[in-house]
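Fold and geometry: a report
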Amino acid sequence: MTEAAIPVSADKAKAQSAFEKRLKARHATEQRFRFYGLMAIVIALSFLAILLTRIVTQGVSTFTVHSVAIEVPLDPARIDRTNLEGTNFDIMVADAVLAKLGEKDDDFGTKSEKVKDLISPDFGFQLLNMIKANPAIIGKTVSVSGPLRANADLYFKGEIKRSTPEEERKLDNQQIDWLTKLNASGAVKTGFNVAFFTKSDSTEPEQAGVLGAVVGSAMMLMVTALLAVPIGVMAAVYLEEFAPKGRWTDIIEVNINNLAAVPSIVYGLLGLGLFINALGVPRSSPLLGGLVLALMALPTVIIATRSSLKAVPPSIREAALGVGASRSQAVFHHVLPLAMPGVMTGSILALAHALGETAPLLMIGMVSFVPGVPAAFTEAATVLPVQVFIWENASERAFHERTAAAIMVLLVFMILMNAVAIILRRRFERRW
Amino acid sequence: MPFNPDGRQADMLIWIVFFALAAFSGLTYWLGRRKALASAGGSAAGLHSLPNYYGTYVALWVAVPAALLLFLSVSFGGRFEHALLVAKAPVAITGMSVEQKQLFYRDAEAMAEGKQASEVIYEGPVKAALTQKSLEAKGYRDKIRMGTFALMGVLALAGLLLTYPRINAKFWARNRVESWISNVLMICSIVAVVTTLGIILSLVWESARFFQTVSPGEFLLGTHWSPQIGMRDDQVGSSGGFGALPLFAGTFLVMLIAMLVAGPVGLFSAIYLAEYAGPTARAVCKPLLEVLAGVPTVVYGFFAALTVGPLFREGFNALGLMLINGQFHDLGLYLSQVQNQMALVAGAVMGIMLIPFVSSLSDDIINSVPQALRDGSYAMGATKSETVKNVVLPAALPGIAGAFLLAISRAVGETMIVTMAAGLQAKLTLNPLETVTTVTVQIVTLLTGDQEFDSPKTLSAFALGLTLFVVTLLLNIIALRIVQKYREQYD
């Protein structure tokens, strides 16, 4: 270096400041990068929060219901004793409501038609059943209480507002006046919507519930569990403990890994082509749904079981073999019981996934309208996620809140299953 | 598990026989055990195997063949009966169409079961034939059932007679039982292979029937998709309605949008979780992301259709109204008419669904990059982000590419979100604001509701399914290859 002292130090200072600038820039980049990462997490989690809040806010109103109690005079002249089923109870209920409102039906029945739009047809069924049970009540006045029709219910929930122009809402001014009057008279009660949990699908939103779908889901999951868990566990035990390592085992292994990633809708096509067309399993039955979902859950169960079998240390096996146990005794008496918590966790998670699966079930006819609770595994049934799909497609607005509520029920079941899996893992998992 | 419901009584009978078989094999278990013990002078010490193995050996041979027969009879008895029934058609129905004949036989079988027949009114000779056939059906059914039960009895007794005499103290019962067990285990593992074969066969079989009417070239490259036209009997197939290219384009568009959302967000989440987050943040964030992954797809579909869709539409419409009469009048006009169902909504929501998938796979891969590489980079004075960008990501790149491929395969096969939010119009477009349709949506639409298995409309769903299966399979194979190859390098 032949340069003068002062310029050198000036250069140095310059270099120093350039270096500091660069460092600052690098640290700024560092901060930015870190911020991007944090933002990504925040975005992902806020999506979760938005999703769940939206569903809860949309669905929570389903759990309250507005019902009304009405005194209906059972006029013998209007009841055909020989043909109870054919009697028009709805119009008697409507007239009773009109009487309560201090109105009278005109000759064309316009007003009673309008009242029918406010009161659930459930009242008519209740009267029918009451008379069937005790025909002596004909001629007396009975008190029945039941839900308001979906649109009237939505009015009380604030979903239908008077401020909306009359032609754009489902209720006209007169109907809203009546509802206000009924409410002022204290006849309208707000309560917990028990019917949502005790009834099955219906074309009337106020009478539609999830019971049928919950039972259908339970039956289907039972079939899935009974097939997928034993077969999956045994297949995994074979592959992990018994199978000779070789080409054949490799093929099975690659096969299972690929099966786990086949789109679920393809399993629906399999169900349609194989189980329905070739084997004649009844359409839309829990048995068929369970079979299809079992095939879908099988790879997951196998993979989970294999990894928990792998986690059992070889010393356990060797100790058992060393004291004279046979191979299957070593596996079934020692290795498998020790791997059981992992197996159960994996199986429950696979079943929880199967519970939420919808697409393959659409292929095998589970979208049909099933009004009751399925009584047998071969009968037509519907399941919770499909019920969600069906209601989402319905045009009535009242079904939309029910869709969200059905989703809440579905999520509660999934959370329960996941919680069980987590507890099992925490409680029994052993680290070697 | 009766596959063909024969009325409650018949179900009861099957269950009774089943439990009788179970009880009988329990009895033979006890017999075998007792004989083994007796032959060793009452003490287990003189036996080759533990006494339970002798019992199990006998009980297996008694119960399993008979139970298998019962299962087969319950599963396929109905079809066998049907085949016998239609073998000889009565003269009265020779003039009927195929559907009428099917209905006739179905009614005959329903009558035989004492169930409600269809509302078709039969008269004259046809009615007589129906009554006769229903009696015949009942006869066949009873014969099949009784035959099954009798054969089951024979099998169970034969099992007992073959195995019981062989039992003595020197008999290697344990080895016999264990070979049973290992065979059963092997059969279970073959189920997975059979499933794959079943998928391939059922897809290929129905697709082959479809390709008889529509050529594969037309299917894969045609641009006109309107399968509903082909539904009429008089213009079966080849009416130009089976060009699936718009569906592939729609699927691609939705997948692209989904990956544009899930890719960056998922990857950056993974980087943050793996490199920056402390143990507490990890312990909180990872399970929460798993919750996002556990939400059923139908819930995402609901969210897309009733929340995101209207939100986007309102946003674009408002933007369009602002632009109208301005410099971008045409664009404004277009935006003000955008509908709820658009590729963007389905893609964005699908992207949200894929975030946890991308992030957890990438997280695993980033974590498997050896710490030594990072330490080397830090020692050279690199900052954390420089290390991530210049060292960790290049090392993890193949694995991350594999993860992205797996996510793409998920996006292509995803059904519910697109069914509920994308729409049904097959359009060849790359505009994310348009309504598009995808392969999976079309499969669902074609196969829900009534199906006739001879129309190309229904069969085309299987051709679409085959395409989907092949594409996702290829993506998975490549992705798994890449991920595995990459893992081996550092393990």
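Residues numbered from 1 in each chain as written. Chains lettered and ligands numbered in written order. Predicted model: local features only at pLDDT ≥ 70, side-chain atom pairs only at ≥ 80, totals over all residues. Heavy atoms only, no water.

1. Structural notes on the overall build of chain A
- Assigned secondary structure in chain A consists of 16 helices and 3 strands.
- Taken against the 2.2 N^0.38 rule, which gives 22 Å for 432 residues, the C-alpha radius of gyration of chain A at 33 Å runs more than 25% over that of a compact globule.
- Dimensions of chain A along its principal axes, counting C-alpha atoms only, are 115 × 85 × 40 Å.
- The buried share of chain A, reckoned over its 432 residues, is 50%.
- In chain A, once contacts between residues fewer than 6 apart in sequence are set aside, the share between residues at least 24 apart is 74%.
- For chain A, the computed accessible surface area is about 20100 Å², with 61% contributed by carbon and sulfur atoms. (Helix = DSSP H or I, 4+ residues; strand = E, 2+ residues; numbered from the N terminus. Rg over C-alpha atoms; globule rule 2.2 N^0.38 Å. Buried < 20%, exposed > 50% of the residue type's maximum accessible area, 1.4 Å probe, protein only. Contact = heavy atoms within 4.5 Å. Areas by Shrake-Rupley, 256 points an atom, 1.4 Å probe, with all protein chains shown as cover.)

2. Points about the overall build of chain B
- When helices and strands are counted, chain B shows 16 helices and 0 strands.
- Radius of gyration (C-alpha) of chain B: 32 Å, far over the 23 Å computed for a compact globule of 491 residues.
- The C-alpha extent of chain B, read off along each of the three principal axes, is 90 × 75 × 40 Å.
- When each of the 491 residues of chain B is scored for burial, the buried share is 48%.
- In chain B, the proportion of contacts linking residues at least 24 apart, taken out of those at least 6 apart, comes to 73%.
- When the accessible area of chain B is evaluated, it comes to approximately 23400 Å², of which 66% is carbon and sulfur surface.
- Here chain B carries 33 positive and 31 negative side-chain charges, and the mean point of each set is 13 Å from the other. (Lys, Arg positive; Asp, Glu negative; His and termini not counted. Charge placed at Lys NZ, Arg CZ, Asp CG, Glu CD.)

3. Concerning the packing of aromatic side chains
- Going through the model one piece at a time under the given rule, you end up with 24 aromatic pairs over all chains.
- With 5.4 Å between their ring centres and 75° between their planes, B:Phe210 and B:Phe242 make a pair best called edge-to-face. Here the residue B:Phe210 occupies a position in helix H5 (residues 173-213), and B:Phe242 occupies one in the loop between helix H6 (216-221) and helix H7 (245-276), the gap between them amounting to 32 residues. You'll find B:Phe210 and B:Phe242 in the same group, each marked buried.
- Counting every residue linked through ring pairs, the aromatic cluster contains A:Phe63, A:Phe192, A:Phe196, A:Phe197, A:Trp391 and A:Phe399.
- The cationic tip of B:Lys35 hangs over the ring face of B:Tyr164; the distance from NZ or CZ to the ring centre is 4.7 Å. (Phe/Tyr/Trp six-rings, centres within 6.5 Å; stacked < 30°, edge-to-face > 60°. Lys NZ or Arg CZ within 6 Å of the ring centre and 35° of its normal.)

4. Observations concerning the side chain of B:Thr438
- Along the chain, B:Thr438 falls in the loop between helix H14 (416-421) and helix H15 (439-447).
- Every residue in contact with B:Thr438, bar those within four places of it in the chain, is listed here: B:Leu247, B:Gly250, B:Thr251, B:Val254 and B:Val418.

5. Focus on the packing of helix H11 (residues 286-311) of chain A against helix H13 (residues 327-355) of chain A
Residues and elements named next belong to chain A.
- It is at 8 Å that the axes of H11 and H13 come closest, and there the two elements cross at 150°. Classified by the angle their axes make, H11 and H13 are roughly antiparallel. Remark: the crossing between H11 and H13 carries right-handed chirality. Between H11 and H13, the residues in contact are Leu293, Met296, Ala297, Thr300, Val301, Ala304, Thr305, Ser308 and Leu309 and Val335, Leu336, Ala339, Gly342, Val343, Gly346, Ser347, Ala350, His353 and Ala354, respectively. (Axes fitted to C-alpha atoms, helices over the stretch in contact; angles between N-to-C directions. Parallel < 35°, antiparallel > 145°, perpendicular 65-115°, else oblique. Left-handed = near helix turned anticlockwise from the far one by under 90°.)

6. Overview of a nonpolar patch on the surface
All names here are of chain A.
- Taken together, the side chains of Phe35, Tyr36, Leu38, Met39, Val42 and Ile43 define a hydrophobic patch exposed on the protein surface, amounting to about 490 Å² of accessible area.
- Its location among the elements puts valine 42 in helix H1 (residues 5-59).
- You can call valine 42 partly exposed: its relative accessible area is 42%. (Patch = residues over 30% accessible without salt bridge, like charges linked within 9 Å, V, L, I, M, F, W, Y side chains within 5 Å. Salt bridge = Lys/Arg side-chain N within 4 Å of Asp/Glu carboxyl O.)

7. Considering the environment of A:Ser347
Residues and elements named next belong to chain A.
- Take serine 347: it is sitting in helix H13.
- Between the alpha carbons of serine 347 and valine 373 there is a distance of 27 Å; along the sequence they are 26 residues apart.
- The contacts of serine 347, once residues within four sequence positions are left out, are Val229 and Val301.

8. What to know about the domain arrangement of chain A
Residue and element names in this part refer to chain A.
- Looking at chain A, the domain boundaries give domain 1 (5-61), domain 2 (63-194) and domain 3 (211-428).
- Spacing between the C-alpha centres of domain 1 and domain 3 amounts to 43 Å.
- Between domain 1 and domain 3, the residue contacts involve 7 residues of the former and 6 residues of the latter.
- Put simply, domain 1 and domain 3 have 0 salt bridges between them.
- The tally of links from domain 1 across to domain 3 stands at 1 residue pair in polar contact (both at pLDDT 80 or more).
- For the side of domain 1 that touches domain 3, the class distribution of residues is 4 nonpolar, 3 polar and no charged. (Domains from an automatic or database assignment. Polar contact = N/O pair within 3.5 Å; in protein donor to acceptor, adjacent residues only side chain to side chain. Nonpolar A, V, L, I, M, F, W, Y, C, P; charged D, E, K, R; others polar.)

9. Quick word on the interface of chain A and chain B
- Contacts between the two partners involve 79 residues from chain A, matched on the other side by 88 residues from chain B.
- Taken over both partners, the interface formed by chain A and chain B buries close to 7200 Å², and the fraction arising from carbon and sulfur atoms is 75%.
- Its largest share of buried area at the contact with chain B, chain A owes to A:Phe33, A:Leu51 and A:Leu269, together 9% of the area lost on that side.
- Put simply, chain A and chain B have 1 salt bridge between them.
- In this structure, B:Glu386 engages A:Arg26 in a salt bridge whose closest nitrogen and oxygen atoms are separated by 2.7 Å.
- At the boundary of chain A with chain B, the tally comes to 12 residue pairs in polar contact (both at pLDDT 80 or more).
- Class assignment for the residues of the side of chain A that touches chain B results in 54 nonpolar, 18 polar and 7 charged. (Buried area = accessible area lost by both parts, 1.4 Å probe.)

10. Observations regarding the nonpolar core
- A:Tyr267, B:Tyr300, B:Met350, B:Leu354, B:Ile443 and B:Leu464 are the most contacted members of the largest nonpolar core, which totals 185 residues.
- No other element matches H7(B), which puts 16 residues into this core.
- Apart from residues lying up to four places away in sequence, B:Leu354 is in contact with B:Ala258, B:Met259, B:Ala262, B:Ala407, B:Arg410 and B:Ala411.
- Membership of the second largest hydrophobic core comes to 39 residues, among which are A:Leu84, A:Met92, A:Val93 and A:Ala398. (Core = buried A, V, L, I, M, F, W, Y, C linked by side-chain atoms within 4.5 Å.)

11. Some details on H7(B)
Residues and elements named next belong to chain B.
- The terminal C-alpha atoms of H7 lie 44 Å apart, and with 32 residues this matches the ideal 46 Å at 1.5 Å per residue to within 8%.
- When the local axis directions of H7 are compared, the greatest deviation, roughly 25°, occurs at methionine 259.
- Of all 32 residues in H7, 24 are buried; the element is thus mostly enclosed. (Expected span 1.5 Å × (residues − 1). Bend = angle between axes of the 7 residues up to and from the residue.)

12. Re the pattern of salt bridges
- Summed over the entire model, instances satisfying the criterion amount to 12 salt bridges over all chains.
- Measuring nitrogen to oxygen at the nearest pair gives 3.8 Å for the salt bridge that ties A:Arg306 to A:Glu253. Of this pair, A:Arg306 sits in helix H11 while A:Glu253 sits in helix H9 (residues 247-259), placing them 53 residues apart in sequence.
- Owing to a relative accessible area of 11%, A:Arg306 belongs among the buried residues under this scheme.
- When the shortest N-O distance is used, the salt bridge between B:Arg313 and B:Glu314 registers 3.6 Å.

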